[in-house]
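# Structural overview for review
Chain by chain, the residues:
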Amino acid sequence: MSVRSTVRVQREVDVRLLGGSSVSGPTAGGVVPGGVKTRTLLVALALDAGTAVSTERLLDYLWEREPPRSAVKNLQLYVSRLRRCLDTANTGFARLLVHVGHGYRLDVRPEAVDALWVDGLARRGATALRQGDLPTTVAALTPALAGWPVDGLVGLVPSGPATTVTALWRERRLAAVEHLATAKTELGAWAEAVDLLAPQASAHPARESSQVLLMRVLAHLGDRTGAIGVYRRLWHVLDSDLGIRPGVEARAVYEEVVGD
């Protein structure tokens, strides 16, 4: 894997979506779009960087099923505000937010958008793990997670599309942590796997895949008490919150641990 494939390269403008929205360019850095709707508009456009996003789709992001009568005019206002933000970061260069047909396009390269950059690395890492290429898995996922805050996409309008995309990116990060932890265990870096999994297992106690991985790692390290504690916490959360029991894999790991 080349260095260029894992290190972000400064483009005309860098767009940050993860952990909070901002724009940086040759003339200004860290410019934050004002207002939650303007920031949501940036997310909607940047996740499809270089591709036109229809006005209808943007209206769904901003208002979902109940847009006001003035929604189209209001959208134009938010577009104007976002353009000013982009122009501040990119003064003297080509306009980056353009009207195209029945929508708008953000003219930045996908790798200049932090969410798309880390997602590309995460996909590469997942593919490498399936192929048994553990060094490439680690080389891709380590910088991806380093640039991927736990809180992901935040501060968006609570519309259906925005809520869906927020959940999607949260799930992608959770899976990336599990993939990297799996690679670490197969490379013998068990303690590093614990460091990856323990915070995630604590923050998402009902996520069985993370709990099972953590149980396996703790058991391998000889921490039977810790592994049993993880299972009991999982059992309690699933029982009290969902009325279900841990799955077959979790029970099998637990029985293996208590039977040792």
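A brief look at the structure comes next. Keep in mind that this is a model prediction, so the values were computed, not measured. (Residues numbered from 1 in each chain as written. Predicted model: local features only at pLDDT ≥ 70, side-chain atom pairs only at ≥ 80, totals over all residues. Heavy atoms only, no water.)

### With respect to helix α1 (residues 36–46)
Our working rule: Burial status follows relative accessibility: with a 1.4 Å probe on protein chains alone, a residue under 20% of its type maximum counts as buried, one over 50% as exposed, and anything between as partly exposed. For helices the rule is a DSSP run of H or I covering at least 4 residues; for strands it is a run of E covering at least 2, with both sets numbered from the N terminus onward.
With 8 of its 11 residues buried, α1 lies for the most part within the structure. For α1, the complete set of buried residues consists of T38, T40, L41, L42, V43, A44, L45 and A46.

### Describing helix α9 (residues 224–242)
Rules: What a helix is expected to span follows from its residue count: subtract one and scale by 1.5 Å. Any pair of residues with heavy atoms lying within 4.5 Å of one another is described as a contacting pair.
Here α9 contains 19 residues, and its C-alpha end-to-end distance of 26 Å stays within 8% of the 27 Å for a straight helix at 1.5 Å per residue. For α9, every residue scored as buried is listed here: A227, I228, V230, Y231, L234, V237 and L238. Buried residues along α9 sit against α8 (208–220) and α10 (248–259). Positive phi shows up at G243, right after α9, with a value of about 70 degrees.

### Here's the deal with the pairing of strand β4 (residues 97–100)
The cut-off we apply is this: Strand pairing is assigned whenever DSSP identifies at least 2 bridges connecting the two strands.
Across 4 bridges, β4 lies against strand β5 (residues 103–106) in antiparallel orientation. Note that in β5 the partner of V100 across the bridge is G103. Counted along the chain from β4 to the antiparallel partner β5, the turn is 2 residues long, and its residue G101 has a positive phi close to 55 degrees.

### Some remarks on the pattern of salt bridges
Heads up, the condition is: Should a side-chain nitrogen of Lys or Arg be within 4 Å of a carboxyl oxygen of Asp or Glu, the pair is scored as a salt bridge.
With the rule as written, the count across this model stands at 8 salt bridges. Among the salt bridges present, the one from R172 reaches D119, with a minimum N-O distance of 3.5 Å. Taken as a pair, R172 in helix α6 (residues 160–186) and D119 in helix α4 (residues 114–130) lie far apart in primary sequence, 53 residues in all. A relative accessible area of 8% places D119 in the buried class. The salt bridge involving E249 is made with R216; its shortest N-O contact spans 3.4 Å.

### A look at the packing of α9 against α10
Using the following cut-off: Axis angles are defined between N-to-C directions and span 0 to 180 degrees, where every axis is a line fitted to C-alpha atoms and, for a helix, only to the segment in contact. Should the near helix be turned counterclockwise from the far one by less than a right angle, the crossing is left-handed, whereas a clockwise turn marks it as right-handed.
Between α9 and α10, whose axes approach to 10 Å, the crossing angle comes to 145 degrees. Note that α9 runs across α10; the crossing there is left-handed. Only A250, R251, Y254, V257 and V258 of α10 make contact with α9, whose side of the interface consists of R224, A227, I228, Y231, R232 and L234.

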